[in-house]
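Residues per chain, in single letters:
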Amino acid sequence: DVQLQASGGGLVQAGGSLRLSCAASGFTFDDYAIGWFRQAPGKEREGVSCISSSDGSTYYADSVKGRFTISSDNAKNTVYLQMNSLKPEDTAVYYCAAGSDCNVWYGMDYWGKGTQVTVSS
């Protein structure tokens, strides 16, 4: 079965850092792009970042550009999201998802359960 397991969320003060992990199994990891998405209460889901399966290109939402970094460890079938300089508006449930490439965006094929990130003032 396809599994995507997100972890690493928690409570952090504004200005702090967290690293989220997305461990994947049940599909050919190297053939898929992995994206991070988030959703806060009362708000729509938004894309945060994605790493491409075709050329390894990375993409970031304007709101996180310069603060977040996505990376992949293919040997571990794991994608990371390093989040620095966190702001209260980053508070959300963060989800990882897998698809044919980053251009499918919200049309990713597989979605994991989210991990809660809470940034205090």
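So, how was this worked out
- Residues take numbers from 1 onward in each chain, read along the sequence in its written order.
- Local features in this predicted model are restricted to residues whose pLDDT is 70 or higher, and side-chain atom pairs enter the listing and the counts only when it is 80 or higher, whereas totals over whole chains, interfaces and linings include all residues.
- The basis for the side-chain values is all heavy atoms of the structure; hydrogens and waters are excluded.
- Numbering goes from the N terminus for both helices and strands, where a helix is a DSSP run of H or I of at least four residues and a strand is a run of E of at least two.
- Two cysteine sulfurs form a disulfide in these notes if their separation is within 2.5 Å.
- Here the term buried applies to any residue with accessible area under 20% of the maximum for its type, exposed to any over 50%, and partly exposed to those in between, with areas from a 1.4 Å probe on protein chains only.
- Here, the term nonpolar core denotes a set of buried Ala, Val, Leu, Ile, Met, Phe, Trp, Tyr and Cys residues that are joined through side-chain atoms within 4.5 Å.
- Should any heavy atoms of two residues lie within 4.5 Å, those residues are counted as being in contact.

A. Local environment of unusual backbone geometry. One non-glycine residue, serine 85, lies in the positive phi region at around 50 degrees. Of note, serine 85 is situated in the loop between β8 (78-83) and β9 (92-99).

B. A look at the state of the cysteines. The final tally for this structure, using the stated rule, is two disulfides. Bridging cysteine 22 to cysteine 96, the disulfide has an S-S length of 2.1 Å. An S-S torsion of about 75 degrees defines the bridge between cysteine 22 and cysteine 96 as right-handed. Here cysteine 22, found in strand β3 (residues 18-25), pairs with cysteine 96, found in strand β9; they are 74 residues apart in sequence, far enough to count as distant. Like cysteine 96, cysteine 22 is buried. For cysteine 50, the disulfide goes to cysteine 102, at an S-S distance of 2.1 Å.

C. Representation of the nonpolar core within the structure. Counting residues in hydrophobic clusters, the biggest one holds 28 residues, and the most contacted among them are Ile34, Trp36, Phe68, Leu81, Met83 and Tyr94. Broken down by secondary-structure element, the contributors of at least two residues to this core are β1 (3-7), β3, β4 (33-39), β5 (46-51), β7 (68-73), β8, β9 and β11 (115-120). Residues within four places of methionine 83 in sequence aside, it is in contact with Gly16, Ser17, Leu18, Leu20, Arg67, Phe68, Tyr94 and Val117. Core analysis: the next-biggest nonpolar cluster, separate from the first, contains six residues, Cys50, Ala97, Cys102 and Met108 among them.

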